[in-house]
Amino acid sequence: MSNYSIKNLEEYFQVYRKSVRNPEMFWEEIAEEHFIWRKRWDKVLSWDFKKPEIKWFEGAKLNITENCIDRHLRTKGEKTAILFEPNDPKEDAQHITYNRLYERVNQFANVLKDHGIKKGDRVCIYLPMIPELAISTLACARIGAVHSVVFAGFSSKALATRINDSSCKMVITSDGSYRGSKTIDLKGIVDEALEECTSVDTVLVAKRINSEIKMKKGRDKWLKPLLEAASVECAPEIMDAEDPLFILYTSGSTGMPKGMVHTTAGYMVYTAYTFKNVFNYRQNDVYWCTADIGWITGHSYIVYGPLANGATTVMFEGVPNYPDWGRFWDVIDKHKVTQFYTAPTAIRALAKENIECVDKHNLSSLKVLGTVGEPINEEAWHWYNDNVGKKKSPIVDTWWQTETGGIMITSLPYITPTKPTYATLPFPGIQPALMDENGEEITGNQVDGRLCVKYPWPSMARTIWGNHQRYKETYFSAFEDMYFTGDGALRDEVGYYRITGRVDDVIIVSGHNLGTAPIEDAINEHQAVAESAIVGFPHDIKGNALYGYVILKETGESRKHENVRKEINQLITEHIGPIAKLDKIQFVKGLPKTRSGKIMRRILRKIASKDTSNLGDTSTLLNPEVVQDIIDHSI
Ligand code: PRX
């Protein structure tokens, strides 16, 4: 018998030990008992972190949508699969049952096929959080097309880069989206992006805001009539375990985002198993993750993980402050939400508002609270625990990444004693290691180092689309035979992990990963800019905000400086999106550089954080004189 549902701490340790002692047997039991396979695997795992090459359940054949939808129809056909809560609370929520989801996914899949989409083709999905987003991802999976969901807050340039990188044949979008009291012209953004793309033949457009939009003849099609005319039956494409399921882009240390490739069987097994245990999901629960499906959290824990368990998963189109700051709590009471999973940045923003916004709600349905995306500070943890969980609902602080596909380090609710700011213990099957700068593993407790993983797990990304070399260099070259996460962590006296933050050039702003390079590239496009460097600094709500140091080609009047500041943020919005705008921009005469010409970001980070008491040895810099000048004029 596998331990699909872990019941107490002793069992967790037993299961964990088993998963380390005999990983293949461990995962095989879980895969065997809880999923449907068209053909069994020949080999559970083969791996080589040097190449790197990782294969799980090789030889197996399956379709993930059969596991997420079809197999639930007999027992849960009339159960709500997706509970859609619209942006406007006056609009009715939609309860999409498993029966209806089956029909809608199949209709969508047939429309994709009718437009020439075949197994292996890439389809870009650029949609707001409306049911069509979940349904179109599942429709791709139904026919074996590889979905590439791009968060609908990205700009047209960022969208074009992603469409081109994986040569998508189709884009699925909507006439627009709601965001609180505003609307956004998504179709206009797609039109602009497609001026730079040649691979796209078809754009399918969902109607959401009923705006007047331009439809390009021969390319753009309204979805509704196509769906209505399509059959509700579509046989699933039978996939190999290691066939790609989706590509999801994440920022990196160069201007080009990394298209992380996730494959089918391992991803399914791991997201399902983690979902069940991390959220302690029971059959009548109503689970709500507030993330957008444009991020990995939405892929794994709004769509695939919950549906693989036959759960009811809430999809929320709105924002936490519309029509007011009580919206999250309204939704929880309205739908009797049992598990609530959100980001520390949202918690901090909510905690700033009048406590009445929370207190006038009942919230007694809640059983488990979760956080993800960035370290949670102690104050926010306690606010969440006291005011939302009323000290009864355990908080699971879940650490993981786009690359890991699923939750890696987390407590299990009602099982692991929690400790504020600590993600606590590795999930079964996960073997973390802390490494020092010389590449040695740091053993024992009460230590800190760079967080790596020693052994493969089923949902790890297999490659970067079109660039395996970059995959190898980014994740498998820093430490021999280890997956390097890019995070720092410490391990306390009982072996609990606390993630301390990124140790590379990625900055997490409001839970969004932002690479410094793409932002600097955008700034440097400004004709007045000679050079720039971006660092993060602590921010009350966002966790980190961005501080830009900019060298101008010519120094000028301060009025002009103001204009340049605005234009820089406009450029960033155009190239990446508003999430990457800078909070502070300081014009400097020079940037501190090492003798090999590398910018010393460590010094810039300290200045931005107003922590200049110990800058370390600056005498080895190429230009130590610039440091004092930067400090004197810092904002
Ligand atoms: O730095 C870690 C941080 O978010 C990074 C991964 O970001 P992304 O790929 O966008 O995925 C976010 C959602 C899974 C990590 O390298 N991070 C994520 N969760 C936590 C966290 N940092 C601290 N605590 C967490 N619980």
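Above this text is the structure in question.
What you see is a predicted model; the values in this text were computed from it and never measured.

Q: Whenever I open this one, the site of the ligand confuses me. Can you help?
A: Taken together, the neighbourhood of the ligand is formed by 17 residues, with Asp397, Thr398, Thr402, Asp487 and Arg502 sitting nearest. The separation between a nitrogen atom of the ligand and a polar main-chain atom of Pro375 is 3.4 Å. Contacts to the ligand include Gln401, whose side-chain N or O atom sits 2.9 Å from an oxygen atom. Summarising the interface, the protein chains cover 96% of the accessible area of the ligand, which totals 550 Å² for the free molecule. Where the shell around the ligand is concerned, the elements lending two or more residues are α11 (296–308), β20 (395–398) and β26 (497–502).

Q: Any chance you could explain the packing of aromatic side chains here in plain terms?
A: Aromatic rings considered in pairs are described by the distance between their centres and by the relative angle of their planes. The full count for this structure, using the stated rule, is 47 aromatic pairs. When the ring of Trp27 is compared with that of Trp56, the centres are 6.3 Å apart and the planes differ by 80°; the resulting orientation is edge-to-face. One end of the pair, Trp27, is in helix α2 (residues 23–34); the other, Trp56, is in strand β2 (residues 53–58), and 29 residues separate them in sequence. There is no split in this pair, since Trp27 and Trp56 are both buried. A ring pair is formed by Trp457 and Tyr483, whose centres lie 5.4 Å apart and whose planes are at 75°; its orientation type is edge-to-face. Taken together, the residues Trp457 in the loop between β23 (447–453) and β24 (463–464) and Tyr483 in strand β25 (residues 483–491) connect sequence positions 26 residues apart. Joined through ring pairs, the aromatic side chains of Tyr4, Phe26, Trp27, Phe35, Trp37, Trp41, Trp56, Phe57, Tyr270, Tyr273 and Phe427 make up one cluster. One Lys or Arg, Lys207, reaches over the ring of Trp222 and ends 4.5 Å from the middle of that ring.

Q: Would you mind going over the side chain of Gln401 with me for this structure?
A: Tracing the chain through its elements places Gln401 in the loop between β20 and β21 (432–435). Within the structure, the side chain of Gln401 is placed 2.7 Å from the side chain of Tyr483, a separation counted as a polar contact. Polar contacts involving the side chain of Gln401 include one to the main-chain carbonyl oxygen of Thr485, which spans 2.7 Å. Non-local contacts of Gln401, meaning those with residues more than four positions away in its chain, are made with Ile296, Tyr483, Thr485, Asp487 and Arg502.

Q: What is the right way to read the sheet that holds strand β22 (residues 441–442) from this model?
A: To summarise the sheet geometry, strands pair through backbone hydrogen bonds and adopt either a parallel or an antiparallel arrangement. The strand order β22-β21-β23-β25-β26 describes an open sheet built from five strands, whose pairing is antiparallel. Edge positions in the open sheet fall to β22 and β26, since each of these has one partner strand only. Strand direction decides the pairing type here: β21 and β22, joined by two bridges, are antiparallel. Across the sheet, Leu434 pairs through a bridge with Ile442, a residue of β22.

Q: So what exactly am I meant to see when it comes to the environment of Asn569 here?
A: Relative to the elements of secondary structure, Asn569 occurs in helix α18 (residues 558–575). Placed 110 residues apart in sequence, Asn569 and Ser459 show a C-alpha to C-alpha distance of 37 Å.

Q: Got a minute to help me understand a negative patch on the surface in this structure?
A: A cluster of acidic residues, Glu192, Glu195, Glu196, Asp521, Glu525 and Glu574, forms a negative patch on the protein surface. If you trace the backbone, Asp521 turns up in helix α17 (residues 516–524). Look at Asp521 and you get partly exposed, because its relative accessible area is 43%.

Q: Would you take a moment to explain unusual backbone geometry for this structure?
A: A negative phi angle characterises most non-glycine residues, just as the trans form characterises most peptide bonds. The residue after Lys51, namely Pro52, is reached through a cis peptide bond having omega -25°. Examined against the element boundaries, Pro52 turns out to sit in the loop between β1 (43–48) and β2. Tyr322 connects to Pro323 through a cis peptide bond whose omega is -5°. As for its position among the elements, Pro323 is in the loop between β17 (312–316) and α12 (327–335). One non-glycine residue, Ser167, lies in the positive phi region at around 35°. Residue classification places Ser167 among the partly exposed residues on the basis of a relative accessible area of 34%. Of note in the backbone geometry, Lys336 takes a positive phi value of approximately 50° without being a glycine.

Q: What's the story with the sheet that holds strand β30 (residues 543–552) in this structure? I'm lost.
A: One open sheet accounts for three strands, arranged β29-β30-β31; its pairing is mixed. With one partner strand each, in any of the chains shown, β29 (529–539) and β31 (584–587) form the two edges of the open sheet. Neighbouring strand axes in the sheet, compared pairwise and without regard to direction, differ in orientation by 25° on average. Pairing geometry for β29 and β30, over ten bridges, is antiparallel. The residue of β30 that forms the bridge with Glu531 is Ile551. In this fold α17 packs onto β29 and β30, with an angle of close to 135° to the strand it touches most, β29.

Q: How should the nonpolar core be read in this particular structure?
A: Where a protein is soluble and globular, its nonpolar side chains tend to be buried together. The biggest cluster of nonpolar side chains holds 122 residues, and the ones touching the most others in it are Trp37, Phe57, Leu101, Leu112 and Ile172. Counting residues per element, this core draws most heavily on helix α10 (residues 265–278), which supplies nine residues. Once you skip the residues sitting within four places of it in the chain, Leu112 turns out to touch Ile117, Ala139, Cys140, Ile143, Met170, Ile172 and Leu204. Membership of the second largest hydrophobic core comes to 40 residues, among which are Cys168, Ile519, Ala522 and Ile572.

Reading the values: the criteria
- Residues numbered from 1 in each chain as written.
- Predicted model: local features only at pLDDT ≥ 70, side-chain atom pairs only at ≥ 80, totals over all residues.
- Heavy atoms only, no water.
- Near = heavy atom within 4 Å.
- Polar contact = N/O pair within 3.5 Å; in protein donor to acceptor, adjacent residues only side chain to side chain.
- Areas by Shrake-Rupley, 256 points an atom, 1.4 Å probe, with all protein chains shown as cover.
- Helix = DSSP H or I, 4+ residues; strand = E, 2+ residues; numbered from the N terminus.
- Phe/Tyr/Trp six-rings, centres within 6.5 Å; stacked < 30°, edge-to-face > 60°.
- Buried < 20%, exposed > 50% of the residue type's maximum accessible area, 1.4 Å probe, protein only.
- Lys NZ or Arg CZ within 6 Å of the ring centre and 35° of its normal.
- Contact = heavy atoms within 4.5 Å.
- Pairing = 2+ DSSP bridges.
- Patch = residues over 30% accessible without salt bridge, like charges linked within 9 Å, V, L, I, M, F, W, Y side chains within 5 Å.
- Salt bridge = Lys/Arg side-chain N within 4 Å of Asp/Glu carboxyl O.
- Lys, Arg positive; Asp, Glu negative; His and termini not counted.
- Charge placed at Lys NZ, Arg CZ, Asp CG, Glu CD.
- Axes fitted to C-alpha atoms, helices over the stretch in contact; angles between N-to-C directions.
- Core = buried A, V, L, I, M, F, W, Y, C linked by side-chain atoms within 4.5 Å.

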